[in-house]
Amino acid sequence: MLYPQLTDSRMVFDLNGVWDFKLLDEGQCPAVDGPVQDAIPMAVPSAYNDLYEGRAFKEHVGDMVYQRSFSVSAPMLEKRLVLRFSSATHQATVYLNGKLLGKHKGGFLPFEFEIGQQARRGENLLTVIVNNIVDYSTLPCGRLVTEKYPGLAPMVRNYPNFDYFNYTGIMRPVKLYTTPRNYIRDITVVGHMDGSFSYKVDVQGEGEVAVEMLDPDKKCVFKAQGASGEGKIENVRLWAPENPALYDLVVRLASGDEQDSYTEPFGFRDISIQNCRICLNGKPVYLKGFGKHEDSYVNGRGFNEALNVKDVGLLKWIGANSFRTSHYPYSEEMMRLCDREGIMVIDEVPAVGLHTAFTATGMLGGEPNGTWRTLQTAQHHRDVINDLIARDKNHPCVVMWSVANEPASEEEGAREYFEPLTVLARQQDPQHRPVTIVTYEGSSPEKCKVAELCDVLVINRYRGWYDTEGNLPGAAAKLKDEFERFHARCPEKPIMLGEYGADTIAGMHDATPTLFSEEYQVAYLEAYSEVFDSLPYITGEHVWNFADFATAENIRRVQGNKKGIFTRDRRPKMAAHYLKGRWTGFEKE
Ligand code: BDP
């Protein structure tokens, strides 16, 4: 799916701003053809949760309505007019002038509607009902329960099966854009390290396609006619973290006296697996970085472009070269920034909490081995894999797809559930990047049912925190032993740690490193680093987490998850300086 772009044939209009907003009671249907009564102002894009006070507001379960009007001019109606949401979390039902445009399920990927039929010249009323429930049919998963307390009316509660606050609302930009009636629907472009490339332009309607390729200095290096083709560039400049060269594929569609044009940035680079290592452009590359979150004060998980720039700057400051979009697709703008800045990304679908007996914040008490009989996520899981790859396939920054985080991969039925999904991801990706499923400690080398489905084993471990706490020699010994057992099972696969970390309260110090102190976080990382450096097949280290982040309240969390290397407001803890020392200039042979 193409990102909305202003070109000589396309207009883009921003619908961001302050909209009308109201939380809805169960069964309440707001007006969709007139103003919502008793509405309050709400910023779009943003998570709604932290913009007003009170638990009932912040933890509302169910529907909420967003509304605004906008003007359409006559020239806009002569074109194909599209209304596009970069995301609405987790489900949206969209009405224009009282008529249903459609529904969308899934909170982290874009969707759009052609509105030429429903839009009228002058004022138009846009009403969006967003639903924020997570249950066993959504991704991420959660539990929707009705609780009874003596003397009180039944309470509907929604418990996430995951360890981040369930921020919701219209969290990413909303735009209107136009294209000509005959238009460029999609572009796929693949560039290799030897300079060879292929492209395919998907056109809706009729017309002649012409393409031009511009090098990073905007000099034309290739020209051709036709909707698909291939070629080879001499002296190609490769995309790599130290020099992320970006080329442009400029596509033109001429039909009669109308023309559509669109410019897709891309890179020349190859990702492969050789000798138990991830290789970029034929050489082993060691992934140094983090699991992250889209999370900040006030906006919550809402789009925050300044924070994206700040975070990428901090990644470079600390010597990192990569992160995982734990635990959902990040904004399109962040992906474009990573292309430009040379940050390698493990791109994850929002499949977290797929376990009925376990979550990071405790045991769920579901029946053992019951996950794959209970969840109703399989079709939606296919949809989000399809949509994520359709959105991100051309990004040179994407080096791997993650189809889930910490599912019940040790339970009966896991292989049957995941095999078709990993096959699908490989089929859909024109660049054939590696595919992984990030697994948790219950999925030991002996119990894991999905290791063979993965190209890289990405595992999360918290030895020295959730177990062996305080005993770092013991934790390191257990970690190393487990790596060796995974390696014995899959001797040809690279292994990386996708998460490891220790909750650390900024400013808490102790000469003898004890839990929660900044000194313990450093000692913990040092102990893990020693293990990574001693095993040649370890292909990367992603610390959990880049920054402290908000979670659902839980006695295991002190005002959020404090495993950040930076605080929530992006100040470095001691460990940031340790990692900067370790990572700057570090490349494992
Ligand atoms: C892992 C989860 C991650 C949690 C982390 C933790 O993948 O989402 O935040 O543990 O416990 O299990 O901090």
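Our structure is the block above this text.
Note that the coordinates shown come from a computational prediction; the quantities given were computed from them, not determined experimentally.

Some details on the packing of helix 3 (residues 305-317) against helix 4 (residues 332-341)
Line of reasoning, step 1. Packing of helix 3 against helix 4 brings their axes to within 10 Å, and their N-to-C directions diverge by 35°. Here helix 3 runs over helix 4; the crossing is right-handed. The residues of helix 4 that touch helix 3, namely those facing E305, N308, V309, V312 and K316, are E333, M334, L337 and E341.
Line of reasoning, step 2. For the contact of helix 3 with helix 4, the residue count by class is 4 nonpolar, 1 polar and 4 charged.

Focus: the site of the ligand
Line of reasoning, step 1. The full set close to the ligand counts 14 residues, and D163, H327, E406, Y466 and K563 are the nearest of them.
Line of reasoning, step 2. Here an oxygen atom of the ligand and a side-chain polar atom of K563 are 2.5 Å apart.
Line of reasoning, step 3. Out of a free accessible area of 320 Å², the ligand has 97% covered by protein chains.
Line of reasoning, step 4. Residues belonging to the shell around the ligand are distributed by class as follows: 5 nonpolar, 4 polar and 5 charged.

A closer look at the sheet that holds strand 24 (residues 283-284)
Line of reasoning, step 1. On the basis of which strands lie adjacent, the open sheet formed by 3 strands has the order 22-23-24 and antiparallel pairing. The open sheet terminates on both sides in strands that have one partner only, identified here as strand 22 (271-274) and strand 24.
Line of reasoning, step 2. Two strands pair when backbone bridges link them, and strand 22 and strand 23 (residues 277-280) are joined in this way by 4 bridges, in the antiparallel orientation. By the bridge assignment for strand 23, I273 is matched with I278.

Description of the pairing of strand 30 (residues 398-405)
Line of reasoning, step 1. Across the 8 residues of strand 30, 8 count as buried, placing the element largely inside the fold.
Line of reasoning, step 2. Of the pairings in the sheet, the one linking strand 27 (residues 344-348) to strand 30 comprises 4 bridges and is parallel in character. Paired with D347 across the strands is W401, a residue of strand 30.
Line of reasoning, step 3. For strand 30 and strand 31 (residues 435-438), the ladder comprises 3 bridges, and the chain directions are parallel. Paired with S402 across the strands is T436, a residue of strand 31.
Line of reasoning, step 4. The parallel pair strand 30 and strand 31, bridged by helix 7 (residues 414-428), forms a crossover whose chirality is right-handed.

Digging into the nonpolar core
It is characteristic of soluble globular proteins that their nonpolar side chains tend to be buried jointly.
Line of reasoning, step 1. Counting 112 residues, the largest nonpolar core has F290, F418, F483, Y524 and I565 as its most contacted members.
Line of reasoning, step 2. With 9 residues, helix 9 (residues 518-534) is the largest single contributor of residues to this core.
Line of reasoning, step 3. Each of domain 1 (12-179) and domain 3 (271-583) gives at least three residues to this core.
Line of reasoning, step 4. In this structure, F21, V72, M76 and L81 belong to the second largest nonpolar core, which totals 31 residues.

Looking at the sheet that holds strand 14 (residues 196-204)
Within a beta sheet, neighbouring strands are joined by backbone hydrogen bonds and run either parallel or antiparallel to one another.
Line of reasoning, step 1. On the basis of which strands lie adjacent, the open sheet formed by 3 strands has the order 13-14-17 and antiparallel pairing. A strand with exactly one partner marks an edge of an open sheet, and here the two such strands are strand 13 (183-191) and strand 17 (228-232). Sheet twist, expressed as the mean angle between neighbouring strand axes with direction ignored, is 15°.
Line of reasoning, step 2. Pairing of strand 14 with strand 17, which is carried by 5 bridges, proceeds in the antiparallel orientation. Paired with Y199 across the bridge in strand 17 is G229.

What counts as what
Residues numbered from 1 in each chain as written. Predicted model: local features only at pLDDT ≥ 70, side-chain atom pairs only at ≥ 80, totals over all residues. Heavy atoms only, no water. Axes fitted to C-alpha atoms, helices over the stretch in contact; angles between N-to-C directions. Helix = DSSP H or I, 4+ residues; strand = E, 2+ residues; numbered from the N terminus. Left-handed = near helix turned anticlockwise from the far one by under 90°. Contact = heavy atoms within 4.5 Å. Nonpolar A, V, L, I, M, F, W, Y, C, P; charged D, E, K, R; others polar. Near = heavy atom within 4 Å. Polar contact = N/O pair within 3.5 Å; in protein donor to acceptor, adjacent residues only side chain to side chain. Areas by Shrake-Rupley, 256 points an atom, 1.4 Å probe, with all protein chains shown as cover. Pairing = 2+ DSSP bridges. Buried < 20%, exposed > 50% of the residue type's maximum accessible area, 1.4 Å probe, protein only. Right-handed = clockwise from strand over helix to strand, strands pointing away. Core = buried A, V, L, I, M, F, W, Y, C linked by side-chain atoms within 4.5 Å. Domains from an automatic or database assignment.

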